[in-house]
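So the chains spell out like this:
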Amino acid sequence: MTDFFKGIPLIKFEGPKSDNDFAFRHYDAEEVVMGKKMKDHLRFAAAYWHSFAWPGGDPFGGATFERPWFGDTIDAAKMKADVAFEMFQILGVPYYCFHDADMRPEGADFRENTRNLETMVDYLAEKQAATGVKLLWGTANLFSHRRFMSGAATNPDPGVFAFSAATIKTCMDATIKLGGENYVLWGGREGYETLLNTDMGRERRQAGRMLQMVVDYKHKMGFKGAILIEPKPQEPTKHQYDYDVATVYGFLKEFGLEGEVQMNIEQGHAILAGHSFEHELAMARELGIFGSIDMNRNDYQSGWDTDQFPNNVPEMALAYYEVLRAGGFKTGGTNFDAKLRRQSLDAEDLILAHVGGMDACAAGLKAAAAMLDDGKLEAARDARYAGWDTADGKGLLSSDLNAITAKVLNDQINPAPRSGRQERLENLVNRYL
Ligand code: XLS
Ligand code: NI
Ligand code: NI
């Protein structure tokens, strides 16, 4: 045991009336919602990077967090892992997620990176076995080190492509060894700052080829988990290729990978793309590529990916509504890709941020389940499209322009507009919150 979380109790469910800050009001892991325990619906994961590797910097100032495990040694990395697993247990999160660079010291070259990674994978395997906490997904950090400043797979230098491919292989190996249930690729710096120096065609083909190699390696290794791409429209590069779910789907089609890769959809990235979270979730469901979510929240004034902890229950209810409509998570889950504000220095801030996020997700899930159970929203949606279920409606889609024109004339089709009833439906949603 480290003493980082000294004095902080294990967080238990105490119900909505509890006055205890260190308790769940809505998240009762064992409570059954729509035939499934809440813990199995939500499949919570904590993110190593924001909670344990991020020092609290912003564009105007450096580290505000002074954690005893900061430092590029194996001993420091082991202390970081000890503290991380203590947090997972305090919260009762069943899963965690990492980038290689979050959990191993940075080496001088690829060989040293790999050695450090392997040492830490062995250590994490022991921690997983001792606690029962599992790996939701692993990923490679191909964006922080200066070698990746012009991208990883999309880099103009083939040496960086090679370094990236080799690093992905070691991170997939680490994920597989730790029993990870998914492997994630977020675009990092796969995009561009200016077209003046960018060959977009080459860069897209390089990215497509890298993804084919990843899928190929997954099959070679017999990995049963999902390969997930995490779309984001900008930041760190001005324009990222994996803009949003629909754009990534086009990319997957182009490279013959639409049956192989699913989406990891992040709330804040959806907002940056000018969508709502539920839009991205619904799009992935309709395209058959829904996989997992990164749960967080952007500051709506700042226009950055602020990665705040989620706390807006009405938004989350609509998000989990789409998750439930997609049939829920299979290998995916709810990963808190969220960080503290840089003034939130204390160990208890880290715990309470997650407690609030988990409770907000649980409240959102319960509201979503009630909306689905009641069926009023779906009944209203079905009624709106009922015309398409008639023989006439169905016939239209297998007809052609000549026949349809004749039909419009014959049947004197002269449609009268009907209300979309938006306010009525919004009122209905608020009744479940
Ligand atoms: C950054 C991304 C990143 C991914 C993992 O904006 O959200 O944290 O989730 O590389
Ligand atoms: Ni993310
Ligand atoms: Ni993000």
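Model, not experiment: these values are computed from the prediction.

With respect to helix α8 (residues 245-254)
(1) Moving on: For α8, the full list of buried residues reads V245, V248, Y249, F251 and L252. Axial view of α8: buried residues confined to an arc of 160°, hence all on one face.
(2) Moving on: Next to the buried residues of α8 lie α7 (200-220), β10 (226-230), β12 (261-266) and α10 (277-287).
(3) Moving on: Following α8 by one or two positions, G256 has its phi on the positive side, about 65°.

Observations concerning the sheet that holds β10
(1) Moving on: Sheet architecture is closed into a barrel: eight strands sit in the order β5-β6-β7-β8-β10-β12-β13-β14, paired in parallel fashion. Along the sheet, successive strands turn relative to each other by an average axial angle of 30°, direction set aside.
(2) Moving on: Sheet topology places β12 next to strand β13 (residues 290-295); four bridges connect them, and they run parallel. Of the residues in β13, the one forming a bridge with N264 is S292.
(3) Moving on: α8 rests against β10 and β12 of the sheet, and its axis sits at about 160° to β12.

Focus on the packing of helix α5 (residues 110-131) against helix α6 (residues 158-177)
(1) Moving on: Contact geometry for α5 and α6: axes closest at 10 Å, N-to-C directions at 10°. On the basis of their axis angle, the class for α5 and α6 is roughly parallel. Along its contact with α5, which presents F110, N113, T114, L117, V121 and D122, the element α6 presents F163, A166, T167, T170, C171, A174 and K177.

Describing the coordination of the nickel ion (ligand 2)
(1) Moving on: In the first shell of the nickel ion (ligand 2), the protein supplies E230 (OE), E266 (OE), D294 (OD) and D337 (OD), at 2.0 to 2.1 Å from the metal.
(2) Moving on: Here the nickel ion (ligand 2) binds six donor atoms, and the angle range of 81 to 173° at the metal identifies the geometry as octahedral.
(3) Moving on: Coordination of the nickel ion (ligand 2) draws on donor residues from a single chain, spaced E-x35-E-x27-D-x42-D in sequence.
(4) Moving on: The distance between the nickel ion (ligand 2) and the nickel ion (ligand 3) is 3.7 Å, with E266 acting as a donor to both metals. With a gap of 107 residues between them, E230 in strand β10 and D337 in the loop between β14 (334-336) and α12 (347-374) connect regions that are remote in the sequence.
(5) Moving on: Given a relative accessible area of 3%, E230 falls into the buried group.
(6) Moving on: Since its relative accessible area comes to 6%, D337 is described here as buried.

What counts as what
Residues numbered from 1 in each chain as written. Chains lettered and ligands numbered in written order. Predicted model: local features only at pLDDT ≥ 70, side-chain atom pairs only at ≥ 80, totals over all residues. Heavy atoms only, no water. Buried < 20%, exposed > 50% of the residue type's maximum accessible area, 1.4 Å probe, protein only. Helix = DSSP H or I, 4+ residues; strand = E, 2+ residues; numbered from the N terminus. Arc of directions from axis to C-beta. Contact = heavy atoms within 4.5 Å. Pairing = 2+ DSSP bridges. Axes fitted to C-alpha atoms, helices over the stretch in contact; angles between N-to-C directions. Parallel < 35°, antiparallel > 145°, perpendicular 65-115°, else oblique. Donors = N, O, S within 2.8 Å, 3.2 Å for Na, K, Ca; no water. Tetrahedral: all angles 85-135°; square planar, octahedral: opposite > 155°, others 65-115°.

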